[in-house]
Amino acid sequence: MRIARFEDASGTGVGAVTGEELRRLPWRRLEDLFAEPDPAAAVRAVDTRRLAPVGEHRLLAPTVERCQLVATGGNYDDHVAEAGRALAEPVFFSSLWTSITGPGSAIVKPSAETFLDYEVEFAVVIGKRATKLTPETALDAVFGYTVTNDISARDVMAGTKLQIVLSKSLDTFWPVGPHLVTADEVPDPGRLGVTSALNGEPRQSGNTSRLIWDVPALLSKLTASITLHPGDIVTTGTPGGVGYHRTPPESMKPGDVITAAVEGVGVLSNHVIAGW
């Protein structure tokens with residue numbers, strides 16, 4: 001099932017995408033769905049044909065409020081090569097929930113001097129409390145998948161070592177969406193095309209088969225010492241082709257449209273506006 005979070009005249013809601021139509025699910029919030037004893041089973045039990053269609057609406061990021069967002073750095077061989085640094089093990093960093101924005105929303109470039117970059121990422125959404133996972137049990141904790149775009153202020157990263165929050169967690173810097181796709185719709189998360197395009201021109205092209213550490217490896221490493229909860233998001237890294245490593249380097253500017261896509265999961269588009 002493709003699940004969307006939306007806003008209409010009556011407030012926010014959760015719906016199932018069926019063809020070109022959005023139908024209202026019985027849960028008003030994703031928090032309510034993830035509070036079910038078995039969220040995946042609860043979704044499978046829904047007969048979407050009996051659901052009422054949603055009228056005029058706006059899509060929101062398909063996330064729970066204040067979710068934990070854990071990102072992975074340096075996890076594609078070509079991105080590691082262009083950045084010039086190899087990693088001995090997965091590297092994680094957390095991002096603030098306030099940076100999350102939805103499909104079609106604006107990415108705010110803070111200043112004219114900001115080097116604004118894109119990073120398409122295939123992301124995992126956790127479906128149950130997860131700790132001490134193994135590579136063999138990791139996928140059992142996955143509710144579904146979505147697309148994220150790890151927007152980065154490269155000038156901040158280059159200017160001050162380890163300044164992760166102020167380079168990657170600014171307001172609007174984590175687009176997520178457009179939908180949350182349940183795990184049964186993605187039988188092999190290890191063979192998905194991952195691409196981005198700036199103003200319609202291809203920029204990144206990768207495949208999750210080229211992940212240095214695949215989803216089970218990432219989740220087992222992460223949950224060895226950190227507990228994940230239903231609705232938490234774990235991203236898997238970005239392939240090569242980011243703007244900062246182009247010749248010459250290319251920063252996004254107001255008016256640009258950046259599109260991030262993952263095969264079988266979704267296409268996420270956002271536009272850039274000036275924040276000064």
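Just above sits the structure.
Heads up: these notes are all about the structure in this document. (Residues numbered from 1 in each chain as written. Predicted model: local features only at pLDDT ≥ 70, side-chain atom pairs only at ≥ 80, totals over all residues. Heavy atoms only, no water.)

Quick notes on the pattern of salt bridges
Tallying each qualifying case throughout the model produces 17 salt bridges. Between aspartate 32 and arginine 29 there is a salt bridge whose closest N-O contact spans 3.1 Å. The class of arginine 29 is partly exposed, set by a relative accessible area of 41%. Salt bridges linked by common partners bring Asp117, Glu119, Asp150, Arg154 and Lys168 together as one network. (Salt bridge = Lys/Arg side-chain N within 4 Å of Asp/Glu carboxyl O. Buried < 20%, exposed > 50% of the residue type's maximum accessible area, 1.4 Å probe, protein only.)

Remarks on the side chain of threonine 101
Examined against the element boundaries, threonine 101 turns out to sit in strand E7 (residues 100–101). Taking the relative accessible area as the measure of exposure, threonine 101 reaches 12% and is therefore buried. The contacts of threonine 101, once residues within four sequence positions are left out, are Ala61, Ala106, Thr172, Trp174, Pro175, Val176 and Asn270. (Helix = DSSP H or I, 4+ residues; strand = E, 2+ residues; numbered from the N terminus. Contact = heavy atoms within 4.5 Å.)

Quick look at the environment of glutamate 36
Note that glutamate 36 resides in the loop between helix H1 (30–34) and helix H2 (39–44). Sequence spacing of glutamate 36 and lysine 128 is 92 residues, and the spatial spacing of their C-alpha atoms is 9.6 Å. When residues no more than four places from it in sequence are discounted, the contact partners of glutamate 36 are Trp27 and Ala42. For glutamate 36, the side chain forms a polar contact with the side chain of tryptophan 27, separated by 2.8 Å. (Polar contact = N/O pair within 3.5 Å; in protein donor to acceptor, adjacent residues only side chain to side chain.)

As for the packing of aromatic side chains
Overall, the coordinates contain three aromatic pairs when judged by the stated rule. Taken together, a centroid distance of 5.0 Å and an interplanar angle of 75° make the contact between phenylalanine 34 and phenylalanine 143 edge-to-face. With phenylalanine 34 in helix H1 and phenylalanine 143 in strand E11 (residues 142–149), the pair connects residues that are 109 residues apart, well separated along the chain. Comparing phenylalanine 34 with phenylalanine 143, the two get one shared label, buried. Look at phenylalanine 115 and tyrosine 244: their rings are 5.3 Å apart centre to centre, the planes differ by 90°, and that puts the pair in the edge-to-face class. Taken together, the positions of phenylalanine 115 in the loop between strand E8 (106–109) and strand E9 (116–117) and tyrosine 244 in the loop between strand E16 (233–235) and strand E17 (257–262) put the pair 129 residues apart, joining distant regions of the chain. Overall, phenylalanine 115 belongs to the buried group, its relative accessible area being 15%. (Phe/Tyr/Trp six-rings, centres within 6.5 Å; stacked < 30°, edge-to-face > 60°.)

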